[in-house]
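Coordinate analysis (summary)
The residues making up each chain are set out below.
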Amino acid sequence: MSDQRVIVVGGGLAGLAASVRVAEAGIAVDLFSMVPVKRSHSVCAQGGINACNEVARQQGYSEYQHFDETLYGGDFLADQGPVLEMTAWAPKVIDLLDRMGVPFNRTAEGFRDLRLFGGSLFKRTHFAGATTGQQLLYALDEQTRRFESEGKVTKYEFWEFLAPVLDDNGKCVGIVAQDMRTMQIRSFRADAVVMATGGNGLVFGQSTNSVICTGGAASRCYQHGAWYGNAEMIQVHPTAIPGADKCRLMSESARGEGGRVWVPKDKADARKPADIPEGERWYFLEERYPDYGNLVPRDIATREIFDVCVNDHMGIGGGNMVYLDLSHMDPDYLTNKLGGILEIYEKFAGEDPRHTPMKIFPAVHYTMGGMWTTYTEGSYTPDAPAPEHKPGNAIPVAPTAGIGMTHGAPNNMMTNIEGLYAFGEVNFAYHGATRLGANALLSCIFDGLFNGLSVANAVQHTDRPASDVPQSVYDAASDREQDKHEAFIATAGNHSGENAYVIAREMGVEMTAASTVVKTGPRLEKCLAKLDELSERYSRVKLSDTATWTNQSLSFTRATGDMLILAEAIARAGLLRQESRGSHYRTDFPDRDDARFWKTSVSRFNPATGKADVTFEPVRAPLVKPRPRTYGKTAPEPAKKTAQPVGS
Amino acid sequence: MSLPQAHQSTLAWRQANRAKAVPGRTIVMTVRRCEGPGKLGWFESFKIPVEPNENVISCLQKIAANPVTADGKETTPVVWDSGCLEEVCGACTMVINGTVRQSCSCLIDEYAPEEGDEITLEPMSKFPVIRDLWVDRARLFNSLKRVRGWVPIDSTAALGPGPKEDQATQSTRYAISECMSCGCCLEACPQFLLEGDEDAWDSAFIGAHAIAQARLFNLHGTGKNLAPERLDELMGPGGVADCGNAQNCVKVCPKGVPLTESIGAMGRGVTMHAVTRFFKGK
Ligand SMILES: Cc1cc2nc3c(=O)[nH]c(=O)nc-3n(C[C@H](O)[C@H](O)[C@H](O)COP(=O)(O)OP(=O)(O)OC[C@H]3O[C@@H](n4cnc5c(N)ncnc54)[C@H](O)[C@@H]3O)c2cc1C
Ligand code: SF4
Ligand code: SF4
Ligand code: FES
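Residues numbered from 1 in each chain as written. Chains lettered and ligands numbered in written order. Predicted model: local features only at pLDDT ≥ 70, side-chain atom pairs only at ≥ 80, totals over all residues. Heavy atoms only, no water.

1. Comments concerning the overall build of chain B
Counting its secondary structure elements, chain B contains 11 helices and 7 strands. Looking at chain B as a whole, 55% of its 282 residues are labelled buried. Contacts spanning at least 24 positions in sequence make up 67% of the contacts within chain B whose residues lie at least 6 apart. Working note: accessible area of chain B is about 11,500 Å², and carbon and sulfur atoms make up 53% of it. Side-chain charges of chain B comprise 29 positive and 33 negative groups, with the mean position of each set lying 6 Å from the other. (Helix = DSSP H or I, 4+ residues; strand = E, 2+ residues; numbered from the N terminus. Buried < 20%, exposed > 50% of the residue type's maximum accessible area, 1.4 Å probe, protein only. Contact = heavy atoms within 4.5 Å. Areas by Shrake-Rupley, 256 points an atom, 1.4 Å probe, with all protein chains shown as cover. Lys, Arg positive; Asp, Glu negative; His and termini not counted. Charge placed at Lys NZ, Arg CZ, Asp CG, Glu CD.)

As structure tokens, then:
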């Protein structure tokens, strides 16, 4: 079986962890990435990574509590087995990263330090300064480099994934990819393909994501028949620095370390923030959520900020901005714990947040939805789903391996297409309707390490190796992509053609206005009509560069078409989900409706219409009973305001 | 950790320029173009209307959306490399007005505050150009292989935590571990020269970033098991002795990586290592 190979597409945390795990199992890995893997978007993650730890455990925390929190945070939309397994494994993930040399912050005695994060009352977030994602990515990058120098991993950096190759039975047996420098298109054979291509922030124009996070790769799989789950679930992070090219994140760790969100009580107050006395500041999160305060989950904080600014016009100077304030804290402490993100603010906003409150506003941040995946249940099968877990209660199940998912089962995190897997942010598992801060890094690495074994097992035990697939299948697949490529190049002569950058910008504006913080049916209908218009214009797109060498316009133009198709699924699933749950907030259906919508939305691409056929499928939830998600909000909600999406 | 030196020295200058930045102005961006490896380069200028808080990348995005030069000629979009847009991925390094730096953190309000001000963008000169501002930094990553920049763990099996670490060592390692492989230190180094021939990479000067990485792993409880191999590499051709101690590197490093301190430490390590080897007769 020595000629067996696995392709991993994407070299962020999920892709690198998968590469390491599969290579370790003795199978050759071909690793594809649009950027040198060390520059993947995971490098941006700031705040930290969650796991139960000994200190928290002695205060009553447990892996099971982490599990319960994650489900509650996600408003019970996630399939439960994978979440149980992930949280049970979390401490092992941290230990392994520690062994790989991640410079986690340390206590005086030399143990790993911990911080508070949203959605928990316990310190369970491990961190390396305020650049945790960078440090974790580098550790996995280093291990991958080690395998690479031993010849077990082959990197294809600056290669763009274009399509999966499916054999006559619909099994995934390889990919088609393009060298972004030479523009060569070719197909690659593999016994299994792992997609680890991250999120789709660019569909919304400006987001906290890197410039390559278009979701193009996921969209291409979707167009080849892979299902897409909970497309409508997009996280808007409450605290980002608005910018011309992107919105730079101000990590939740700023609040975890004591940052407070406020606006002047008088919106006409023109004083410098430092000159506004305590009594004339409105700490609206602390007032409304006495337990969690500034650390309510992201969708809640985002809606409150949105409410204060957009509905009440109580933002700073009446505009769309609130203060995130650290200036009451010791500057040296801040430098030690948050140096990286404070520098970002200083660099881009020109003020020192150690002394001046930061001005922030919400921005699109994370893709909870994604490629639909399945799994094999684990050993924990309670007779009835458990009620809420409270600290100190007896733990229903010990955190041993295999309780939530069967370790090594060949279908773990496999899509509906045999042989095609989805790991990390690109899948829909784990985070339901909202992701808790510092759970993403965990889910990415967990996917790679835990489900990497599933891929290895599937490959080792197959009776249909890819080496038996006729070459003609691969040639046909690469020919199709080559034809598309030629067709794009041919548009250059078309003088009245449309500009892809303009289309992408309009799509971003429309999607942000209609399909993020506040949604309504009519506004989403309007959004779908706008997407139709954009798709029609896109069919007349004109390339601004015909170079046959290093043509970035072509890559962007192609991705724009794929983003439009994904955007349609996001808006349509949002329209059909007539309830509010987690990040999905419909003013025309303000309550959670478990009877109709405690379900996964599954989008299937319809090649005839070019659009999504959306169905709602039951959530696999045998472990915990859903309960209302309130985070102990005080006082009855102030008389329902008619929040409206932008531009309605 | 404080602000990197390069930024600290210019903070006042930056704030002063920001304060005087003229709203609604048009600036000139002059870009060194090149169609591909081995082709001749030329300059093209673009007029760009800018808003507050723009950076070099947002201007390049505007050029991509409308590739017309200052004198009205249609041209191709400029090719460049970028990723995070928040100075943490290392992708977007360029030579801007003659000095190497990240372009995503290069703010127009600071560099071109007045009407008609010009900003010049060129690719790094120490790496082969792929197209326009995009260069091939494969050699930089190869250097990380040369110093065995990893901790040799047994496997990914659950084997408990890593070695305990004191806060001082953690903060030294963290500072080095922030290196984002951007290449600024290499562009600025008089000893690091353009080398297109891959076969020559393993004996050419390895560069400040890789010397620092060797130190990073030698400081780790398990990483130090490969210290002899790392020191062997740094003793060899293109190793730490090739550094002329010009200290240009540390001045341009956007992450404030303690480069000269690390070069010093590794220089001493190599000397000790040579002495030990001499007495062991190896
Ligand atoms: C600013 C910011 C801060 C964050 N902070 C935290 C935090 O503190 N804690 C936390 O838990 N989470 C955090 N997150 C979320 C977390 O960083 C991401 O969810 C996670 O890093 C995603 O990793 P990934 O491996 O799935 O994908 P990515 O890291 O996005 O990697 C995607 C990979 O796929 C490749 N790729 C994409 N498309 C193609 C294609 N067509 N062809 C070939 N290759 C392709 C890319 O080159 C890249 O290598 C943060 C996110 C952001 C934006
Ligand atoms: S100190 Fe050494 S590595 Fe740094 S610039 Fe000078 S010669 Fe180059
Ligand atoms: S040491 Fe500094 S300048 Fe050199 S590659 Fe690393 S981050 Fe860049
Ligand atoms: S784009 Fe990542 S450092 Fe500039």
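Alright, that's what it looks like, and here's the rest.
2. Thoughts on the sheet that holds strand β1 (residues 5-9) of chain A
Residues and elements named next belong to chain A. Pairing is parallel across the open sheet formed by 5 strands, whose spatial order is β6-β2-β1-β10-β19. Of all strands in the sheet, those with a lone pairing partner are β6 (153-157) and β19 (420-422), marking the two edges. Direction aside, neighbouring strands of the sheet carry axes that sit 20 degrees apart on average. Direction of pairing for strand β2 (residues 28-33) relative to β6: parallel, over a ladder of 5 bridges. Within β6, the position partnered with Asp30 by the bridge is Thr154. This element, helix α1 (residues 13-24), spans β1, β2 and β6 of the sheet and lies at about 165 degrees to β2. (Pairing = 2+ DSSP bridges. Axes fitted to C-alpha atoms, helices over the stretch in contact; angles between N-to-C directions.)

3. Some thoughts on the domain arrangement of chain B
Residues and elements named next belong to chain B. You can read the domains of chain B as domain 1 (18-134) and domain 2 (137-151 + 162-280). Placing the centre of domain 1 and that of domain 2 at their C-alpha centroids yields a distance of 31 Å. The partner domain 2 presents 17 residues to the 16 residues of domain 1 that form the contact. For the pair domain 1 and domain 2, the two sides together bury roughly 1,400 Å², of which 61% comes from carbon and sulfur. On the domain 1 side of the contact with domain 2, Val100, Lys126 and Phe127 bury the most area, a combined 46% of that side's loss. (Domains from an automatic or database assignment. Buried area = accessible area lost by both parts, 1.4 Å probe.)

4. A few points about the site of ligand 3
Neighbouring ligand 3 are the residues Cys179, Met180, Ser181, Cys182, Gly183, Cys184, Cys185, His209, Cys253, Pro254 and Leu259 of chain B. Partitioned by chemical class, the residues of the shell around ligand 3 number 8 nonpolar, 3 polar and no charged. (Near = heavy atom within 4 Å. Nonpolar A, V, L, I, M, F, W, Y, C, P; charged D, E, K, R; others polar.)

5. Let's talk about the interface of chain B and chain A
Listed by partner, the interface residues are 78 residues for chain B and 72 residues for chain A. For the pair chain B and chain A, the summed buried area comes to about 6,200 Å², and 53% of that belongs to carbon and sulfur atoms. The tally of links from chain B across to chain A stands at 7 salt bridges. A salt bridge links Lys145 of chain B to Glu148 of chain A, with the nearest nitrogen and oxygen atoms 3.6 Å apart. (Salt bridge = Lys/Arg side-chain N within 4 Å of Asp/Glu carboxyl O.)

6. Some points on the sheet that holds strand β7 (residues 159-166) of chain A
Residue and element names in this part refer to chain A. Here we have 3 strands laid out as an open sheet, ordered β7-β8-β9, and antiparallel in their pairing. The open sheet has two free edges, formed respectively by β7 and β9 (185-189), since each of these has just one partner strand. The average undirected angle you get between the axes of adjacent strands in this sheet is 30 degrees. Strand direction decides the pairing type here: strand β8 (residues 172-179) and β9, joined by 5 bridges, are antiparallel. Residue pairing across strands places Ile175 opposite Phe188, the latter belonging to β9. Relative to β9, helix α12 (residues 471-490) is tilted by about 150 degrees, and along the sheet it contacts β7, β8 and β9.

7. Re the nonpolar core
Ranked by size, the top nonpolar core spans 115 residues in total, and within it Met195, Met371 and Leu531 of chain A carry the most contacts. Membership of the second largest hydrophobic core comes to 105 residues, among which are Ala18, Ala23, Ala90 and Leu96 of chain A. (Core = buried A, V, L, I, M, F, W, Y, C linked by side-chain atoms within 4.5 Å.)

8. Some remarks on α12 of chain A
Residues and elements named next belong to chain A. In this model, α12 (20 residues) spans 28 Å end to end at C-alpha, consistent with the 28 Å of a helix rising 1.5 Å per residue. Among all positions in α12, only Val473, Tyr474, Ala477, Ser478, Glu481, His485, Phe488 and Ile489 are buried. The arc enclosing the buried residues of α12, seen along the axis, measures out at 160 degrees, which places them on a common side. Those residues of α12 that are exposed and angled more than 90 degrees off the buried face are Asp483 and Ala490. (Expected span 1.5 Å × (residues − 1). Arc of directions from axis to C-beta.)

9. Brief notes about the site of ligand 2
Ligand 2 sits among 13 residues. The nearest are Cys189, Cys243, Ala246, Gln247 and Cys249 of chain B. Class assignment for the residues of the shell around ligand 2 results in 8 nonpolar, 5 polar and no charged.

10. Comments concerning the environment of Met321 of chain A
Position of Met321 of chain A among the secondary structure elements: in the loop between α9 (298-311) and β16 (322-325). C-alpha of Met321 of chain A to C-alpha of Met358 of chain A: the two residues are 37 residues apart in sequence and 9.5 Å apart in space.

11. Description of the pairing of strand β12 (residues 234-241) of chain A
Residue and element names in this part refer to chain A. For β12, a buried count of 8 out of 8 residues is recorded, marking the element as mostly surrounded by other parts of the structure. When β12 meets strand β17 (residues 358-367), the two strands line up antiparallel, connected through 5 bridges. In the sheet register, Ile234 faces β17, and the bridge partner there is Thr367. As paired elements, β12 and strand β13 (residues 248-249) share 2 bridges and run antiparallel to each other. Bridge assignment links Ala240 to a residue of β13, and that residue is Leu249. Remark: 6 residues form the turn of the hairpin made by β12 and β13, two consecutive strands paired antiparallel.

12. Quick look at the packing of aromatic side chains
Residue and element names in this part refer to chain A. Under the definition given, this model contains 27 aromatic pairs over all chains. A centroid spacing of 5.0 Å and a plane angle of 40 degrees characterise the contact between Tyr61 and Phe122, whose relative ring orientation is tilted. A residue pair is termed long-range when its members are at least 10 positions apart, and Tyr61 in the loop between α2 (54-58) and α3 (63-73) and Phe122 in the loop between β4 (114-115) and β5 (125-126) qualify at 61 residues. The two residues Tyr61 and Phe122 agree in class, both being buried. Plain terms: the ring middles of Tyr72 and Tyr631 are 4.6 Å apart, the flat faces sit at 45 degrees to each other, and that makes the pair tilted. With Tyr72 in helix α3 and Tyr631 in the segment after β21 (611-618), this pair connects stretches of sequence that are 559 residues apart. A relative accessible area of 11% means that Tyr72 is categorised as buried. (Phe/Tyr/Trp six-rings, centres within 6.5 Å; stacked < 30°, edge-to-face > 60°.)

13. Regarding the pattern of salt bridges
With the rule as written, the count across this model stands at 76 salt bridges over all chains. Here Asp132 of chain B makes a salt bridge to Arg33 of chain B, at a shortest N to O gap of 3.1 Å. Here Asp132 of chain B, found in the loop between β6 (129-131) and β7 (134-135), pairs with Arg33 of chain B, found in strand β1 (residues 26-34); they are 99 residues apart in sequence, far enough to count as distant. Relative accessible area serves as the criterion here: at 1%, Asp132 of chain B is assigned to the buried category. Residues joined by salt bridges that share partners form a network here, namely Asp75, Glu232, Arg577, Glu579, Arg581, Arg592 and Asp594 of chain A.

14. A closer look at the domain arrangement of chain A
Residue and element names in this part refer to chain A. Partitioning chain A into domains gives domain 1 (5-45 + 130-235 + 367-468), domain 2 (237-363 + 632-642) and domain 3 (471-593). Carbon and sulfur atoms supply 53% of the area that domain 1 and domain 2 bury against each other, a total of about 1,000 Å² over both sides. The largest per-residue losses of area from domain 1 upon contact with domain 2 belong to Ala130, Gln206 and Thr208, which jointly make up 49% of the total buried on that side. Counting the contacts that link domain 1 with domain 2 gives 0 salt bridges. Counting across the domain 1 and domain 2 interface gives 5 residue pairs in polar contact (both at pLDDT 80 or more). Within the side of domain 1 that touches domain 2, the residues separate by chemical class into 4 nonpolar, 8 polar and 1 charged. (Polar contact = N/O pair within 3.5 Å; in protein donor to acceptor, adjacent residues only side chain to side chain.)

15. Structural notes on helix α3 (residues 56-65) of chain B
In terms of burial, α3 of chain B is largely enclosed, as 8 of its 10 residues are buried. Within the sequence span of α3 of chain B, burial applies to Val56, Ile57, Ser58, Cys59, Leu60, Ile63, Ala64 and Ala65 of chain B. Structurally, α3 of chain B contributes buried residues whose contacts are with α13 (500-514) of chain A together with β1, β2 (41-49), β3 (93-96), α4 (108-111) and β5 (118-122) of chain B.

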